[in-house]
Amino acid sequence: MLFLGTMGILLWIVVVVAVIPAVALMIYIYNQDKIEKEPSDLLWKLAGLGVLAALAAALLEMAGEYALSGSIPTDVLVYPVFYAFLIVATAEEGMKYLLMKKATWKHPAFDYKFDAIVYAVFCSLGFAAFENIFYVMDYGMTTAVVRALISIPGHMSFAVAMGYFYGLAKKFEQIGDMKTCTKYQWLAFGSAALLHGFFDACLMLESSVAIMVFLVFIIVLYIFIFRLIRKESKGDYAFNPTEKENENV
């Protein structure tokens, strides 16, 4: 019984350590939503959908890996690049996008542009927190520290790119320009997938040059993303400003 109790405590410690970085970044993004906070039930739902996205993406990645390994030898240099972009990034960012869109596109709370970044980040960090639990359980607390500094902010960065274009897509839908709306919807998914694919490809190549490129990439990416967050937060606007003004009268 004592052993089981100790194991339970250790498991809870692992879960808390794995989840804290994602929760901290969720709080950061939530606080950047200055004008009108999003409903808590919607945000919890998005975090839960991130977990569902992780499970669905894992199944897609297994199927994709089987198909890719049957088409390209696994020992050639291009294999990890194709695997990173075509399998991992496509499956993970695709599932995040589809589930986020299902939950938010027609939601009445989606009335400001910065909302899109909040939605994308909460879904993505729900994914990252769930994924992180298993990494920390398998590889220990050192992995928790590394992932807290690299992988969790990475998922947030991909989500901010996704949310930026997702918000533009909603803006053009509101004015009836469906062609431009569709373009930005694809850019929402595509920008996140490209960033994610490059991030993973550098690590999967496991060469000194790739690691150097990766370090420069994440420094530039994080600087750009945090500046974009501040810019979008400061310049947030309602899609239908007249309606919002009438509500405040």
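Quick look at the structure, then. Counting starts from 1 at the beginning of each chain's written sequence and moves along it residue by residue. Local features in this predicted model are restricted to residues whose pLDDT is 70 or higher, and side-chain atom pairs enter the listing and the counts only when it is 80 or higher, whereas totals over whole chains, interfaces and linings include all residues. The side-chain figures draw on all heavy atoms in the structure; neither hydrogens nor water molecules are used.

1. Notes on the overall build of the chain
Okay, step 1: Where helices and strands are cited, they refer to DSSP runs of H or I of at least four residues and of E of at least two residues respectively, numbered from the N terminus. The number of helices and strands found in the chain is 9 helices and 0 strands.
Okay, step 2: Reading the helices (α) and strands (β) of the chain from amino to carboxyl end gives α-α-α-α-α-α-α-α-α.
Okay, step 3: This radius of gyration counts C-alpha atoms alone. The globule rule is 2.2 Å times how many residues there are, raised to the power 0.38. Taking 249 residues into account, the globule formula puts the C-alpha radius of gyration at 18 Å, and the chain, at 19 Å, falls close to it.
Okay, step 4: Relative accessibility decides the category of a residue: with a 1.4 Å probe and only protein chains considered, values under 20% of the type maximum give buried, values over 50% give exposed, and everything between is partly exposed. Among the 249 residues that make up the chain, the fraction classed as buried is 49%.
Okay, step 5: We call two residues in contact when some of their heavy atoms are within 4.5 Å. Contacts in the chain between residues far apart in sequence, at least 24 positions, make up 79% of those at least 6 positions apart.
Okay, step 6: Surface accessibility of the chain: about 13,100 Å² in total, with carbon and sulfur atoms responsible for 70%.
Okay, step 7: Counted as positive: Lys and Arg. Counted as negative: Asp and Glu, with His and the chain ends omitted from the count. Charged groups are reduced to one reference atom each: NZ for lysine, CZ for arginine, CG for aspartic acid, CD for glutamic acid. Within the chain, one finds 18 positive and 22 negative side-chain charges whose respective centroids are separated by 7 Å. Throughout, the Shrake-Rupley method with a 1.4 Å probe supplies accessible areas, and for residues the shown protein chains are the sole cover considered.

2. Observations concerning the packing of aromatic side chains
Okay, step 1: Two rings from Phe, Tyr or Trp (for Trp, the six-membered ring) form a pair when their centres are within 6.5 Å of each other. A pair whose planes differ by under 30 degrees is stacked, one over 60 is edge-to-face, and the rest are tilted. Tallied over the entire structure, the rule returns 16 aromatic pairs.
Okay, step 2: With a centroid separation of 5.4 Å and 20 degrees between ring planes, the pair formed by phenylalanine 110 and tyrosine 166 is classed as stacked. Of this pair, phenylalanine 110 sits in the loop between helix H3 (78–104) and helix H4 (114–139) while tyrosine 166 is found in helix H6 (residues 151–174), placing the two residues 56 residues apart along the sequence.
Okay, step 3: The exposure class of phenylalanine 110 is buried, given its relative accessible area of 4%.
Okay, step 4: Three or more aromatic residues link up through ring pairs in this structure, and these residues are Tyr97, Trp105, Phe110, Tyr119, Tyr166, Tyr237 and Phe239.
Okay, step 5: By definition here, charges over rings are those cases where NZ of Lys or CZ of Arg is within 6 Å of the ring centre and within 35 degrees of the ring normal. The ring of tyrosine 184 carries the charged tip of lysine 183 above its face, separated from the ring centre by 4.8 Å.

3. A short note on the packing of helix H2 (residues 40–69) against H3
Okay, step 1: Relative to each other, H2 and H3 sit at 150 degrees, their axes nearing to 8 Å. Between H2 and H3, the angle is such that the two are roughly antiparallel. The handedness of the crossing between H2 and H3 is right-handed.
Okay, step 2: Note on residue categories: nonpolar means Ala, Val, Leu, Ile, Met, Phe, Trp, Tyr, Cys or Pro, charged means Asp, Glu, Lys or Arg, and polar means any other residue, Gly included. Partitioned by chemical class, the residues of the contact of H2 with H3 number 19 nonpolar, 3 polar and 5 charged. Every axis corresponds to a line fitted to the C-alpha atoms, with the helix fit spanning only the stretch in contact, and the corresponding angles, defined between N-to-C directions, vary from 0 to 180 degrees. With respect to orientation, any angle under 35 degrees is reported as roughly parallel, any angle over 145 as roughly antiparallel, any angle of 65 to 115 as roughly perpendicular, and every other angle as oblique. In this scheme, a crossing is called left-handed if the near helix is turned counterclockwise away from the far one by less than a right angle; it is called right-handed if the turn is clockwise.

4. Focus: helix H5 (residues 141–149)
Okay, step 1: All of the buried residues along H5 are Thr143, Ala144 and Arg147. In a view along the axis of H5, the buried residues occupy a sector of 105 degrees, so they form one face of it. Structural note: H5 exposes Thr142, Val145 and Leu149 on the side pointing more than 90 degrees away from its buried face. Each direction from the helix axis to a C-beta atom contributes to the arc, which is the arc of those directions.

Geometric descriptors of this kind do not, in isolation, establish any biological role.
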